[in-house]
Amino acid sequence: MLSLLLPFLSQSVHAEPISFPAGSFEQGSGRVPDEPLRTVHLSAFALDRTEVSIAEFERFVLEGWSTLEYWSADGRTWLETHPNGAGTQARAAGRTADHPVVAVTYWEAEAYCVWRGGRLPTEAQWEHAACGSGGQRYPWGDEDDRNAIWYSGGKFGHLSNVR
C-alpha cells in the first residue's frame, strides 16, 4: 500500500487555512444532544479548509511519527502499545491518497497537528467553524435533508477527495 502512496506524498500540500476572528457565538442548539444552549467567547483561530488527506497523514508517518516530542505524554503511552497505529491499509480503507484519512485516533491526530505546527481545535472552535454564528444547526441551515458533499449517495455511495 505504501508503494501506491509514494507518488502522492511528494505532491502532498497542506490545506489552506481559514481564519476565524475573535468573537462570541451560541454553542449548542437547545435540542438533544446539543443542550444546553450557551454563549461562548472565542479568541481568533484558524482551521484547515479541508480534511487531512491520506497522503498528508502518511507524510507525517514517514517524517514525524517516531519523533516523540510531537506526542503528548498520554499519546506516548498509547504509542508504546500501538507502534504502527491502525496501519497504512486501515487508514486508507481502499481509497486513493487524495481522500480523507480514516482510522486515526485522538493521539495520532494530536501528534499530526503538533508536527504541522498547530493543535486540534476545541469543541467550541469546531462547532463555530462547522455551523457558523447564525444559530443554525448545520452550515446550510437547520434541515438535515441535504446530501453532504463528502458523503453523498449513502454508505457506499460516492466519496469526494479532499481537494
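Rules behind the numbers
Residues numbered from 1 in each chain as written. Predicted model: local features only at pLDDT ≥ 70, side-chain atom pairs only at ≥ 80, totals over all residues. Heavy atoms only, no water. Helix = DSSP H or I, 4+ residues; strand = E, 2+ residues; numbered from the N terminus. Contact = heavy atoms within 4.5 Å. Core = buried A, V, L, I, M, F, W, Y, C linked by side-chain atoms within 4.5 Å. Buried < 20%, exposed > 50% of the residue type's maximum accessible area, 1.4 Å probe, protein only. Salt bridge = Lys/Arg side-chain N within 4 Å of Asp/Glu carboxyl O. Arc of directions from axis to C-beta. Axes fitted to C-alpha atoms, helices over the stretch in contact; angles between N-to-C directions. Parallel < 35°, antiparallel > 145°, perpendicular 65-115°, else oblique. Nonpolar A, V, L, I, M, F, W, Y, C, P; charged D, E, K, R; others polar.

A. Summary view of the overall build of the protein chain. Helix and strand content of the protein chain: six helices and four strands. Here the analysis covers contacts within the protein chain between residues at least 6 apart in sequence; of these, 65% occur between residues at least 24 apart.

B. How the structure looks around the nonpolar core. Ranked by internal contacts, the top residues of the largest apolar core, which has 13 residues, are Phe-57, Phe-60, Trp-65, Trp-71, Trp-78, Leu-79 and Tyr-112. Of all the elements in the fold, those that place two or more residues in this core are helix 2 (54–63), helix 3 (73–81) and helix 5 (106–115). Sort the elements by how many residues they give to this core and helix 5 lands first, with four residues. Not counting the four nearest positions on each side in its chain, Phe-60 is found in contact with Trp-65, Trp-71, Glu-108, Ala-111, Tyr-112 and Trp-115. Among the nonpolar cores identified, the runner-up in size contains seven residues, and Val-40, Leu-42, Phe-45 and Leu-47 belong to it.

C. Representation of the pattern of salt bridges. Within the structure shown, the criterion is met by five salt bridges. A salt bridge links Arg-91 to Glu-58; the shortest N-O distance between them is 2.7 Å. Note that Arg-91 is positioned in helix 4 (residues 88–92) and Glu-58 in helix 2, a separation of 33 residues in sequence. The same class applies to Arg-91 and to Glu-58, which are both buried.

D. Fine view of helix 3. Residues of helix 3 that are buried include every one of Gly-75, Trp-78 and Leu-79, and no others. An end-on view of helix 3 places all buried positions within 100° of arc, on one side of the element. The exposed residues of helix 3 that point more than 90 degrees off its buried face are Ala-73, Asp-74, Glu-80 and Thr-81. The inward-facing, buried residues of helix 3 contact helix 5.

E. Main features of the packing of helix 2 against helix 5. Between helix 2 and helix 5, the least distance of the axes is 10 Å, while the angle of their chain directions is 80°. As judged from the angle between their axes, helix 2 and helix 5 are roughly perpendicular. From helix 2, Glu-56, Phe-57, Arg-59, Phe-60 and Glu-63 reach across to helix 5, where they touch Glu-108, Ala-111, Tyr-112 and Trp-115. Taken together, the residues of the contact of helix 2 with helix 5 sort by class into five nonpolar, no polar and four charged.

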